[in-house]
Amino acid sequence: MPKRVDHEERRAQIAEALIRVAGRQGLHAAGMRDVAAEAGVSLRLVQYYFETKEKLLLYGLQHLTDRFTARVGARLAAVGPDPGPRVMVEALLLASLPTDEESRTFHLLYSSYAILSVTDEALAAQPFIDNPDAAENAMTGLLEQAQGTGLADPDADARTEAISLLAMAATMGTSILVGQRSPESAIAVLRHHLDRIFAAAGTSERRAGST
């Protein structure tokens, strides 16, 4: 009896190969033949699941995003139940910093996707991410929650603070990638701003911890 093929597992296998190849060579240089070799499958099989490189890249982006979501979830699980809004905000920010091989690959490829979508017509025709405001909305909600319970500055504009924190984390991530600063110094800067926003919390909340 022929072995049953799990198509989603096969797609994930190919997407993981894409991420590894692109992490080494850059997203622009990752060809379908290279991905096939990395995955240990034929080029024809990669083309069967992803007719074009653009479709492979879009699936790879979603796979990368799913891995990031799992990384944030694991960081939150590590601090226990009911961690509080500051810990959740910090977990989201620190998970995106390139402080280890996995997060470095995430930041590098996510930035590359954004740049490529500006110049590649096929990619530009597709939404870069399904819900571009998801992180901003989640961060805003956490800050509003903190304000409602007296853990954050009630006069701060939660939406503006959320946008600022996410932009800061993205810029800090790039500065780590290019060697301008260390992960420790970037984390210190982010925590400095969180201390300002969560001044009312004092030291009562546990921190997410260094990566």
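Rules used throughout
- Residues numbered from 1 in each chain as written.
- Predicted model: local features only at pLDDT ≥ 70, side-chain atom pairs only at ≥ 80, totals over all residues.
- Heavy atoms only, no water.
- Helix = DSSP H or I, 4+ residues; strand = E, 2+ residues; numbered from the N terminus.
- Buried < 20%, exposed > 50% of the residue type's maximum accessible area, 1.4 Å probe, protein only.
- Contact = heavy atoms within 4.5 Å.
- Areas by Shrake-Rupley, 256 points an atom, 1.4 Å probe, with all protein chains shown as cover.
- Phe/Tyr/Trp six-rings, centres within 6.5 Å; stacked < 30°, edge-to-face > 60°.
- pLDDT = per-residue confidence, 0-100.
- Salt bridge = Lys/Arg side-chain N within 4 Å of Asp/Glu carboxyl O.
- Axes fitted to C-alpha atoms, helices over the stretch in contact; angles between N-to-C directions.
- Parallel < 35°, antiparallel > 145°, perpendicular 65-115°, else oblique.
- Left-handed = near helix turned anticlockwise from the far one by under 90°.
- Nonpolar A, V, L, I, M, F, W, Y, C, P; charged D, E, K, R; others polar.
- Expected span 1.5 Å × (residues − 1).
- Polar contact = N/O pair within 3.5 Å; in protein donor to acceptor, adjacent residues only side chain to side chain.

**Observations concerning the overall build of the protein**
- Check the secondary structure of the protein and you find ten helices and zero strands.
- Looking at the protein as a whole, 39% of its 211 residues qualify as buried.
- Sequence-distant contacts, at least 24 apart, represent 69% of the contacts inside the protein between residues at least 6 apart.
- Taken as a whole, the protein presents about 11,300 Å² of accessible surface, with 54% of it coming from carbon and sulfur.

**Focus: the packing of aromatic side chains**
- Scanning the entire structure with this criterion turns up four aromatic pairs.
- Ring centres 5.0 Å apart and planes at 80 degrees place the aromatic pair Tyr 48 and Tyr 49 in the edge-to-face group.
- Tyr 49 sits in the buried class, given a relative accessible area of 11%.
- For the ring pair Phe 68 and Phe 106, a centre distance of 4.6 Å and an interplane angle of 10 degrees mean the geometry is stacked. Highlighted residues: Phe 68 in helix H4 (residues 53-78) and Phe 106 in helix H6 (residues 101-119), separated in sequence by 38 residues. In terms of burial, Phe 68 and Phe 106 fall into one category: buried.
- An aromatic cluster is present here, built from Phe 68, Phe 106 and Tyr 110 joined pairwise through their rings.

**Examining the confidence of the model for the protein**
- On average, residues of the protein carry a pLDDT of 85, and 89% of them reach 70 or more.
- The low-confidence segment residues 201-208, where pLDDT is below 50, has 24 contacts with residues more than four positions distant or belonging to other chains.

**Focus on the pattern of salt bridges**
- Following the criterion strictly, the structure yields 13 salt bridges and no others.
- Across the salt bridge formed by Arg 20 and Glu 38, the nearest N and O atoms sit 2.8 Å from each other. Here Glu 38 lies in helix H2 (residues 32-39) and Arg 20 lies in helix H1 (residues 7-25), a separation of 18 residues in the sequence.
- Arg 20 sits in the partly exposed class, given a relative accessible area of 37%.

**Side note on the packing of helix H5 (residues 85-95) against helix H8 (residues 134-148)**
- Relative orientation of the contacting elements H5 and H8 amounts to 155 degrees, with a least axis distance of 9 Å. In terms of orientation, H5 lies roughly antiparallel with respect to H8. The hand of the H5/H8 crossing is left-handed. Seen from H5, the contacting residues are Pro 85, Met 88, Val 89, Leu 92 and Leu 93; seen from H8, they are Ala 135, Met 139, Leu 142, Leu 143, Gln 145 and Ala 146.
- For the contact of H5 with H8, the class distribution of residues is ten nonpolar, one polar and no charged.

**A few points about the packing of helix H9 (residues 158-177) against helix H10 (residues 183-197)**
- The contact between H9 and H10 brings their axes to 9 Å, and the two run at 170 degrees. By the angle between their directions, the pair H9 and H10 is classed as roughly antiparallel. Residues Glu 161, Leu 165, Met 168, Ala 169, Met 172 and Ile 176 of H9 lie in contact with H10, whose contacting residues are Pro 183, Ala 186, Val 189, Leu 190, His 193, Leu 194, Arg 196 and Ile 197.
- In the contact of H9 with H10, the residues fall into eleven nonpolar, one polar and two charged.

**Structural notes on unusual backbone geometry**
- Of note in the backbone geometry, Asp 82 takes a positive phi value of approximately 50 degrees without being a glycine.
- One can find Asp 82 in the loop between H4 and H5.

**Considerations on H1**
- Between its terminal C-alpha atoms H1 stretches 27 Å, which fits the 27 Å expected from 19 residues at 1.5 Å a residue.
- Contact partners of the buried residues in H1: H2, helix H3 (43-49), H4 and H6.
- A side-chain oxygen of the first residue of H1 lies 3.2 Å from the backbone nitrogen of Glu 8; this N-cap is Asp 6.
- Gly 26 lies just past H1 and shows a positive phi near 100 degrees.

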